[in-house]
Amino acid sequence: ISQDKTKMTKAPNAKWAQRKDKIFLTINIPNLDPAKTKINVTPTNFSFTSDEWSLVFDTFGEVNPDECKWTIGARDVTVLLVRKEEGEYWDKLQKGAKIQNMTVDWDKWKDEDEVADDDDFDSSGMQGMGGGMPGMGGMGGGGMGGMDMAALQQMMGGMGGGAMPDMPDSDDEDDDDIPGLEADDGTPGK
């Protein structure tokens, strides 16, 4: 008697967002064992497998596998796919048919005309194709998405503490006496 040891895999719930130069992918599976989780990125393919879960697709465009990073967290797997060439947004994440259980990540999505030069996604703490421990290493840059805190403080200091231009100072001249509340019988309250 032989047993078939192949087991069926389930498609995880996942969501994605993009910028002109990168793709954000979140795979929502809690409590994954990093030792049993495999992520493989090639220029045209993404592959994730762990226990009974599997997500495999050909990317809509090419990515740079050496710059891609990911982290396996307590609730999900966060993946940063770096596009080979910066350009217009992809029409979709994958080539071919829609991926079951894949949605747009509206929390991370920004339209092409809304994106500033400084992006707000912090990829430090993600492991890359070079290996290493999950949560170690990263792309550097520090917290707050590389924001220059000294420049921000200087800018805020230059705003001054006075009244805003073209706004009258408030001396509470329009605050009339506020009448007391009325009791149930219609008489003024105390």
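Here the structure is a predicted model, which means the values were calculated and not measured. (Residues numbered from 1 in each chain as written. Predicted model: local features only at pLDDT ≥ 70, side-chain atom pairs only at ≥ 80, totals over all residues. Heavy atoms only, no water.)

Undergrad: Mind laying out the pattern of salt bridges, listing which residues take part and the relevant values?
TA: Inspection of the entire model under this criterion finds 3 salt bridges. In this structure, Lys-22 engages Asp-21 in a salt bridge whose closest nitrogen and oxygen atoms are separated by 3.8 Å. Judged by relative accessible area, which is 17%, Lys-22 ranks as buried. Lys-84 is the salt-bridge partner of Glu-62, the closest N and O atoms lying 3.4 Å from each other. Note that Glu-62 is positioned in the loop between strand E5 (53-58) and strand E6 (69-72) and Lys-84 in the loop between strand E7 (77-82) and strand E8 (102-104), a separation of 22 residues in sequence. (Salt bridge = Lys/Arg side-chain N within 4 Å of Asp/Glu carboxyl O. Buried < 20%, exposed > 50% of the residue type's maximum accessible area, 1.4 Å probe, protein only. Helix = DSSP H or I, 4+ residues; strand = E, 2+ residues; numbered from the N terminus.)

Undergrad: Describe the sheet that holds E5, listing the residues and the values that go with them.
TA: Pairing between the strands of a sheet is mediated by backbone hydrogen bonds and can be parallel or antiparallel. The sheet built from 3 strands is open, its strands ordered E3-E4-E5 with antiparallel pairing. Two strands in the sheet have a free side with no partner beyond their single neighbour: strand E3 (37-42) and E5. Adjacent strand axes in the sheet meet at a mean angle of 5° when their direction is disregarded. Relative to E5, strand E4 (residues 45-50) is paired through 6 bridges, and the arrangement is antiparallel. Within the sheet, the bridge partner assigned to Thr-49 lies in E5 and is Ser-54. (Pairing = 2+ DSSP bridges. Axes fitted to C-alpha atoms, helices over the stretch in contact; angles between N-to-C directions.)

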